[in-house]
Amino acid sequence: MTTAYVIVTIVGAFMAAFSAASIFFRAKWVVQPLADYGVPRTWWNPLGVAKAAGALGLIAGLWVPALGVAAGIGLVLYFAGAVITVLRAHWASHVAFPLMYMAPVAASLVLGFAA
């Protein structure tokens, strides 16, 4: 396990946890776009739970690699779904946001497999 892998994994976990907390605390800059994209309010908490679980899984993966891989794949798929949701809502100018959250998670997977 390299230092780069650990740092990138922690950054990815922190970003996913921050994103989850932003939904749970109903940060306007997060929930207003969700409403604009047409994401039903009833989905918001489960989406936050998915991101929080992914963040915990990334951290747990530092000790149990299979958990980290599963969490990483899940988060990459989650944020890919977010990209698709943003594009389907015709808000292409917002695509950078889910990609920004996906990047460290994807990098963590790459670094984990490269080690």
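Residues numbered from 1 in each chain as written. Predicted model: local features only at pLDDT ≥ 70, side-chain atom pairs only at ≥ 80, totals over all residues. Heavy atoms only, no water.

### Quick notes on the UniProt feature "transmembrane region" (unreviewed entry) in the protein chain
Inference 1: Per the UniProt record, the feature "transmembrane region" (unreviewed entry) sits at residues 6–31, 69–87 and 94–114.
Inference 2: Between the C-alpha atoms that bound residues 6–31 the distance is 31 Å, and the span itself is 88% helix and 0% strand.
Inference 3: Across residues 69–87, helical content stands at 100% and strand content at 0%; the span's end C-alpha atoms are separated by 27 Å. (UniProt positions renumbered as here; feature names shortened; annotations may be inferred. Helix = DSSP H or I, 4+ residues; strand = E, 2+ residues; numbered from the N terminus.)

### Examining the side chain of S108
Inference 1: Within the secondary structure, S108 is located in helix α5 (residues 96–114).
Inference 2: For S108, a relative accessible area of 5% corresponds to the buried category.
Inference 3: Reaching out from S108, the side chain makes a polar contact with the side chain of T9 at a distance of 2.6 Å.
Inference 4: Beyond its immediate stretch of four places on either side in the chain, S108 contacts Y5, V8 and T9. (Buried < 20%, exposed > 50% of the residue type's maximum accessible area, 1.4 Å probe, protein only. Polar contact = N/O pair within 3.5 Å; in protein donor to acceptor, adjacent residues only side chain to side chain. Contact = heavy atoms within 4.5 Å.)

### Remarks on the nonpolar core
Inference 1: With 24 residues, the main nonpolar core has I23, L34, W44, L58, L75 and F79 as its most contacted residues.
Inference 2: Sorting the residues of this core by element identifies α1 (3–24), α2 (28–37), α3 (41–60), α4 (65–88) and α5 as the ones contributing at least two each.
Inference 3: A total of six residues in this core trace back to one element, the largest contributor, which is α4.
Inference 4: With residues near it in sequence (within four places) discarded, L34 still touches I23, V39 and W44. (Core = buried A, V, L, I, M, F, W, Y, C linked by side-chain atoms within 4.5 Å.)

### Focus on the packing of aromatic side chains
Given two aromatic rings, their pairing is described by the distance between the two centres and the angle made by the two planes.
Inference 1: Scanning all chains against the criterion turns up four aromatic pairs.
Inference 2: Relative to F79, the ring of Y78 has its centre 5.1 Å away and its plane inclined at 85°; by these criteria the two rings are edge-to-face.
Inference 3: For F79, a relative accessible area of 3% translates into the label buried.
Inference 4: Relative to Y101, the ring of F79 lies with its centre 6.0 Å away and its plane at 20°, an arrangement referred to as stacked. A residue pair is termed long-range when its members are at least 10 positions apart, and F79 in helix α4 and Y101 in helix α5 qualify at 22 residues. (Phe/Tyr/Trp six-rings, centres within 6.5 Å; stacked < 30°, edge-to-face > 60°.)

### Some points on the packing of α1 against α5
Inference 1: For the pair α1 and α5, the least separation of the axes is 8 Å and the interaxial angle reads 150°. By the angle between their axes, α1 is roughly antiparallel relative to α5. α1 and α5 meet at a crossing whose hand is left-handed. Across the interface between the two elements, A4, Y5, V8, T9, V11, G12, M15, F18 and S19 from α1 touch M100, Y101, P104, V105, A107, S108, L111 and G112 from α5.
Inference 2: Partitioning the contact of α1 with α5 into residue classes produces twelve nonpolar, five polar and no charged. (Axes fitted to C-alpha atoms, helices over the stretch in contact; angles between N-to-C directions. Parallel < 35°, antiparallel > 145°, perpendicular 65-115°, else oblique. Left-handed = near helix turned anticlockwise from the far one by under 90°. Nonpolar A, V, L, I, M, F, W, Y, C, P; charged D, E, K, R; others polar.)

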